[in-house]
Amino acid sequence: MTADQLVDRLRSSLGEKAVVTDPDILNSHRNDHAAFCTAGTPLLLARPASTAEVSEVLRAAGDAGVPVVTQGARTGLSGAANAIDGCVLLSTSRLNQILEIDVEDQVAVVQPGVINAELSRAVLAKGLFYPPDPSSWEMSTIGGNIATNAGGLCCVKYGVTGDFVRGLEVVLASGEVVRTGRRTAKGVAGYDLTRLIVGSEGTLGVVTEATLTLRPEPEAALTAAATFTSAEQGLAAAAAIMASGLRPSLLEFLDGPTARAIQNYRDMGLPSNVGSLLIAQSDRGPRAADDVAEMARICTEAGAIEVAEASDAEESRMLLEARRLVNPALEPLGATLVDDVAVPRKRLVDLLDGITAIATKYDVQIFCPGHVGDGNMHPTVIFDRDNPAAEERALQAFGAVMELGLSLGGTITGEHGIGKLKRQWLEQELGPVSLTLHRRLKAAFDPTNLLNPDKLLLPH
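Residues numbered from 1 in each chain as written. Predicted model: local features only at pLDDT ≥ 70, side-chain atom pairs only at ≥ 80, totals over all residues. Heavy atoms only, no water.

It is worth spelling out the pairing of strand β16 (residues 335-338) at this point. Residues Ala335 and Leu337 line the buried face of β16, whereas the alternating positions Thr336 and Val338 sit on a face that is not buried. Two strands pair when backbone bridges link them, and β16 and strand β21 (residues 380-383) are joined in this way by 4 bridges, in the antiparallel orientation. The residue of β21 that forms the bridge with Val338 is Thr380. (Buried < 20%, exposed > 50% of the residue type's maximum accessible area, 1.4 Å probe, protein only. Helix = DSSP H or I, 4+ residues; strand = E, 2+ residues; numbered from the N terminus. Pairing = 2+ DSSP bridges.)

Written out as structure tokens, the structure is:
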């Protein structure tokens, strides 16, 4: 089948408007938000509106021997949604329905194109709660969150996307449809294919429906923010909070350079000598005030120079504003390379010390915000994009941070995924036996290697 025949077949089965070949539109869909990941020129963009149409796209592409790259909102940071030359881009944007919200069983059944925040608001209206909250939640889709097993600010208490996925409907490379998992709260029959699909970045199949666990609506939350003169003090306070028996619903860390960048961007009342900022939250309603007071006490004992405790939701929102300003504050400083390493909490001081050494070695700036409660940090390398030498040093520093994370018993990604950006380090993390198993699993699901073939695993 020629490329023109593939286009004609898909237009016949999906409709003219669902198959796009306009070069300008294709160019705008070539890549996600990851910097420095190459993207090819796709053959077409398909926008199926049903599982049957997704199945037809995969069957047609398979008959033509054309690779398929599935895309959601393209908010990813690893290049997993980037196009390959001559590929079919399969957009899930029209698969955007919340099919069911079951209050009794506390589950939601949704299509992959549903926006995270829209689902969260819909279930909240029924007194329920969908915890996964990546920072892109107002744009990112449930399908994309599942593809990368996305995290967010609430992970420290509630976990990541995969912890809330009970079952999936998936279209395989052959066009066959399989259902994994189940709707019930318990069930251990067979291999856990649901967990295998979650985080697979579109390399094993196309998710067309997800059954998600919901929680009761959380109680009112309150927040505390503490400033320290050193990163070590802030990390020590975070460790003490986690060891105290308290379970904050949010525990975020900003190192000194990041906190000062935010203060320069917008006056948040942070002192000029701030060495770190710790933001903690409790969502235990009437008990939240006591929790926040205890976390504030722990921070004071750890050497905080100032601790602010919110007395209501509006004050909590204001205290959280500093964390939400990280990206706007760093963007004016230069091009950014956002890393995503996670290490055991007891190694966080070593991670920060190592990052400081890496910044000195490669003569770059590295800012380090992160989800300190679960050890997932986002070292961000800033450099002048117009300076090739600076860009090369930044790329070397980026890799050195991942090497550091692995050396500390950690992982190269806590929530952003592998995509194209981190494939070479994945092999180092997995080891040869696990890598072989990964490749065998990929071949079992996708024997002709047409689903996102240049992502996650390096070719061999």
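Next comes the rest of the account.
Considering only enclosed or pocket space, the second largest pocket measures out at about 690 Å³ in volume. When contributions to the lining of the second largest pocket are tallied by element, the ones reaching two or more residues are α7 (193-197), α15 (423-430) and α16 (432-445). The element contributing the most residues to the lining of the second largest pocket is α16, with 5 residues. In terms of residue class, the lining of the second largest pocket is built from 15 nonpolar, 13 polar and 8 charged. (1 Å grid on protein atoms, 1.4 Å probe; cavity = no way out; pocket = protein on both sides within 12 Å on 5 of 7 lines; lining within 4 Å. Points joined across faces, edges and corners; volume = space filled by probe spheres on them. Nonpolar A, V, L, I, M, F, W, Y, C, P; charged D, E, K, R; others polar.)

We now examine empty space enclosed by the protein. Taken as a whole and assessed by the stated rule, the structure comprises 1 cavity of 30 Å³ or more. What the largest cavity holds in volume is close to 40 Å³. In terms of lining, the largest cavity is formed by Ala224, Ala225, Ala226, Ile241, Leu278, Ile279, Ala280, Met295, Ala296, Cys299 and Val307. Within the lining of the largest cavity, the residues separate by chemical class into 11 nonpolar, no polar and no charged.

With antiparallel pairing, the 7 strands of this open sheet are ordered in space as β15-β12-β14-β13-β19-β20-β17. For this open sheet the edge positions go to β15 (306-309) and β17 (341-342), each flanked by a neighbour on one side alone. The sheet contact formed by β17 and strand β20 (residues 376-377) spans 2 bridges and is antiparallel. By the bridge assignment for β20, Ala342 is matched with Asn376.

Once that is clear, we can look at helix α10 (residues 288-301). For α10, spanning 14 residues, the distance from its first C-alpha to its last is 20 Å, which sits close to the expected 20 Å at 1.5 Å a residue. Among the residues of α10, those classed as buried are Ala288, Asp291, Val292, Met295, Ala296, Ile298 and Cys299. One side of α10 carries all its buried residues, which in axial view fall inside an arc of 160°. Opposite the buried face of α10, at more than 90 degrees from it, the exposed residues are Asp290 and Glu301. (Expected span 1.5 Å × (residues − 1). Arc of directions from axis to C-beta.)

Glancing now at the side chain of Arg423. Position of Arg423 relative to the elements: it lies in helix α15. Buried charge Arg423 goes without a salt bridge, the closest partner of opposite sign being Asp454 at 5.5 Å. Within the structure, the side chain of Arg423 is placed 2.7 Å from the backbone oxygen of Asp454, a separation counted as a polar contact. In contact with Arg423, other than residues within four places in its own chain, are Ile418, Asp454, Lys455, Leu456, Leu457, Leu458 and Pro459. (Lys, Arg positive; Asp, Glu negative; His and termini not counted. Salt bridge = Lys/Arg side-chain N within 4 Å of Asp/Glu carboxyl O. Polar contact = N/O pair within 3.5 Å; in protein donor to acceptor, adjacent residues only side chain to side chain. Contact = heavy atoms within 4.5 Å.)

Looking now at the nonpolar core. Core analysis: the biggest nonpolar cluster contains 60 residues, and Leu278, Leu351, Ile366 and Val372 have the highest contact counts within it. When residues no more than four places from it in sequence are discounted, the contact partners of Ile366 are Asp255, Ile355, Ile358, Ala359, Pro379, Thr380, Val381, Ala397 and Val401. Residues Val110, Val114, Ile142 and Val165 belong to the second largest nonpolar core, which totals 26 residues. (Core = buried A, V, L, I, M, F, W, Y, C linked by side-chain atoms within 4.5 Å.)

Attention now moves to the sheet that holds strand β1 (residues 19-20). Strand-to-strand pairing in sheets goes through backbone hydrogen bonds, with the strands running parallel or antiparallel. Across the sheet, which stays open at both edges, the 4 strands sit in the order β1-β2-β4-β3 with mixed pairing between neighbours. Both edges of this open sheet fall to β1 and β3 (68-71), since each of them pairs with a single strand only. Of the pairings in the sheet, the one linking β1 to strand β2 (residues 44-46) comprises 2 bridges and is antiparallel in character. What sits directly across from Val20, in β2, is Leu45.

For the pair helix α13 (residues 348-362) and helix α14 (residues 388-407), the least separation of the axes is 10 Å and the interaxial angle reads 155°. Put simply, α13 runs roughly antiparallel to α14. The handedness of the crossing between α13 and α14 is right-handed. Facing α13, whose interface residues are Leu351, Gly354, Ile355, Ile358 and Tyr362, α14 presents Arg393, Gln396, Ala397, Ala400, Val401 and Leu404. In the contact of α13 with α14, the residues fall into 8 nonpolar, 2 polar and 1 charged. (Axes fitted to C-alpha atoms, helices over the stretch in contact; angles between N-to-C directions. Parallel < 35°, antiparallel > 145°, perpendicular 65-115°, else oblique. Left-handed = near helix turned anticlockwise from the far one by under 90°.)

Moving on: the packing of aromatic side chains. One pass over the full model with this rule turns up 3 aromatic pairs. Summarising the aromatic geometry, the rings of Tyr130 and Phe164 are spaced 6.2 Å apart at their centres and angled 75° between planes, so their arrangement reads as edge-to-face. One end of the pair, Tyr130, is in the loop between β7 (128-129) and α5 (142-148); the other, Phe164, is in the loop between α6 (155-158) and β8 (165-171), with 34 residues separating them in the sequence. Taking relative accessible area as the criterion, Tyr130 reaches 2% and is therefore assigned buried. Take Phe164: its relative accessible area is 2%, and that puts it in the buried class. Consider the rings of Phe398 and Trp425, whose centres lie 6.5 Å apart with planes at 75°: the pair is edge-to-face. With Phe398 in helix α14 and Trp425 in helix α15, the pair connects residues that are 27 residues apart, well separated along the chain. (Phe/Tyr/Trp six-rings, centres within 6.5 Å; stacked < 30°, edge-to-face > 60°.)

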